[in-house]
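# Descriptive structure summary
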Amino acid sequence: MESAIFSLGDNLSHPKTGELLTEADRHRQLIRYSVWASESGFDAVHIGEHHFNDYMLSSPPVVLSAIGERVPDLILSTAVTLVPTLDPVRAAEDYSTLDNLFPGRVEIVTGRGNFFSRSYPAFGLDVHDAREIFEEKLELLQILLDQQNVDWSGKFRPPLNDVTIRPRPTRDIPMWIGAGSKESALLAAKLGCRLMLPSVFGHPKMFVPIVEQYKEAWMQSGRNADDIVIGSCCHTFVGSDHADMRERFVPRYGHYWNFVEQLISDNTGGKVQMPFDLESFLAGPAVAGSAQECVDRMGELHELLGHDRQLFMFDLGGVSDNELEETVRRFGEEVLPHLPE
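Each chain has its residues counted from 1, running along the sequence as written. Whole-chain, interface and lining totals are the exception, using all residues; otherwise, since this is a predicted model, local features are given only for residues with pLDDT of at least 70 and side-chain atom pairs are given and counted only at 80 or more. Only hydrogens and water are set aside; all other atoms, that is, all heavy atoms of the structure, feed into the side-chain values.

## As for the overall build of the protein chain
This is how the line gets drawn: Strands are runs of DSSP state E lasting at least two residues, helices are runs of H or I lasting at least four, and both sets are numbered from the N terminus onward. Radius of gyration: over C-alpha atoms. The globule rule applied is 2.2 Å multiplied by the number of residues raised to the 0.38 power. In this scheme, a residue with accessible area under 20% of its type's maximum is buried, one over 50% is exposed, and one in between is partly exposed, where area comes from a 1.4 Å probe on protein chains only. Residue contacts are defined here by distance: any two heavy atoms, one from each residue, within 4.5 Å place the two residues in contact. A residue counts as positive if it is Lys or Arg and as negative if it is Asp or Glu; His and the chain ends are not included. Positions of charges follow a simple convention, taking NZ of Lys, CZ of Arg, CG of Asp or CD of Glu.
Each helix and strand counted, the protein chain has 11 helices and 12 strands in total. Taken over C-alpha atoms, the radius of gyration comes to 19 Å for the protein chain, in line with the 20 Å a tight globule of 341 residues would show. The principal-axis extent of the C-alpha atoms belonging to the protein chain is close to 60 × 40 × 40 Å. By residue count, 57% of the 341 residues in the protein chain fall in the buried class. Counting contacts in the protein chain only where the partners sit at least 6 residues apart, residues at least 24 apart contribute 73% of the total. Across the protein chain, the mean location of the 30 positive side-chain charges is 3 Å away from that of the 51 negative side-chain charges.

## Brief notes about the nonpolar core
Keep this limit in mind: As used in this record, nonpolar core signifies buried Ala, Val, Leu, Ile, Met, Phe, Trp, Tyr and Cys residues forming a set joined through side-chain atoms within 4.5 Å.
Counting 76 residues, the largest nonpolar core has Phe42, Ile177, Leu195, Tyr214, Phe314 and Phe331 as the members making the most contacts within it. Core analysis: the second largest hydrophobic core is formed by 35 residues, Phe6, Val200, Val250 and Phe281 among them.

## Overview of the pattern of salt bridges
Applicable threshold: Here a salt bridge means any side-chain nitrogen of Lys or Arg lying within 4 Å of a carboxyl oxygen belonging to Asp or Glu.
According to the stated counting rule, one finds 20 salt bridges in the structure shown. For Glu107, the salt bridge identified is with Arg194, shortest N-O distance 3.3 Å. Placement of Glu107 in the loop between helix H3 (88–101) and strand E5 (108–111) and of Arg194 in strand E9 (residues 194–196) is noted, with a sequence separation of 87 residues between them. Glu323 is paired through a salt bridge with Arg252; the nearest N and O atoms lie 3.1 Å apart. Of this pair, Glu323 sits in helix H11 (residues 321–334) while Arg252 sits in helix H8 (residues 242–267), and the two are 71 residues apart along the sequence. The buried category is assigned to Arg252, whose relative accessible area is 0%. Residues participating in the shared-partner salt-bridge network are Asp244, Arg248, Arg252, Glu323, Glu326 and Arg330.

## Brief notes about helix H7 (residues 208–220)
Threshold: A helix is expected to span 1.5 Å for every residue after the first.
Between its first and last C-alpha atoms H7 spans 19 Å; for 13 residues at 1.5 Å apiece the expected length is 18 Å, and the two agree. If you check which residues of H7 are buried, you get Val208, Ile210, Val211, Tyr214, Ala217 and Trp218. After H7 finishes, the residue Gly222 shows a positive phi value of roughly 80°.

Listed below in structure tokens is the structure:
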């Protein structure tokens with residue numbers, strides 16, 4: 001199994017010390033985070049994209065470019081590229097440029113971002129059209145990366161006439177679809193995209209049907225079963241023992257999740273409530289505890305999902321540099337060697 005660190009870029013104060021990084025320092029922390037991950041044996045880094053809130057990462061290709069210069073080996077990917085609120089022409093140029101700077105290392109994880117619907121009107125879009133916009137723009141992004149002299153017309157963007165984006169990609173850039181629904185899983189299979197499960201939003205069991213639907217649709221599309229690639233993500237902390245995790249991680253985790261719940265509630269008019277429940281979370285979207293507990297949890301996740309890459313979010317809730325480096329390096333030394341094959 002491949003391993004990755006990932007970050008959505010929450011910029012929160014530490015719940016105990018009150019320390020709050022500037023946005024500049026938080027961006028620099030992400031680069032150090034990636035260096036520690038590279039030195040600890042991780043395979044990839046995934047960076048998120050959000051707009052207009054305390055998830056302060058809004059420009060993944062810029063951050064990935066800075067990371068790429070510091071680490072020569074990590075796969076450089078997004079945790080999500082919000083395709084609906086981007087111009088596919090500009091996005092194709094950005095990620096093709098990143099691929100030219102770091103050939104063979106770039107990937108794109110695409111998503112709708114409909115949990116954070118306030119960004120849609122800010123970009124002149126109607127969130128009620130989110131799925132239709134996503135499908136149209138995603139297909140155009142694929143076309144622009146794959147083809148030259150593109151003629152295209154659609155509903156949500158002016159037509160293109162004989163357009164070739166430059167620079168050209170050095171290879172076919174792997175593309176994932178973040179899929180928490182049957183519709184998105186079927187779209188991923190239809191377009192030949194990898195499947196990324198948004199498994200930080202629930203117990204892994206709830207994503208098993210999505211995996212099964214994706215695999216079935218993939219095969220029905222006449223594709224090779226060996227080309228199926230599935231990813232999953234989790235919130236992560238490895239301490240010296242279980243008590244250490246509870247003392248240091250749990251306050252930050254609750255602090256982080258209260259922020260997430262409020263953000264989702266604000267963006268859904270209070271229709272979606274996701275209160276923090278520690279024991280449910282430790283059995284669900286979190287991989288946290290002693291090294292052995294983390295190894296055991298990863299075995300459980302892999303048995304359920306049969307996935308190929310796990311994304312680990314270590315940097316949530318206002319974590320300090322010292323604590324972040326410590327847990328990343330401990331995870332690399334004591335957990336990574338024991339991940340499922």
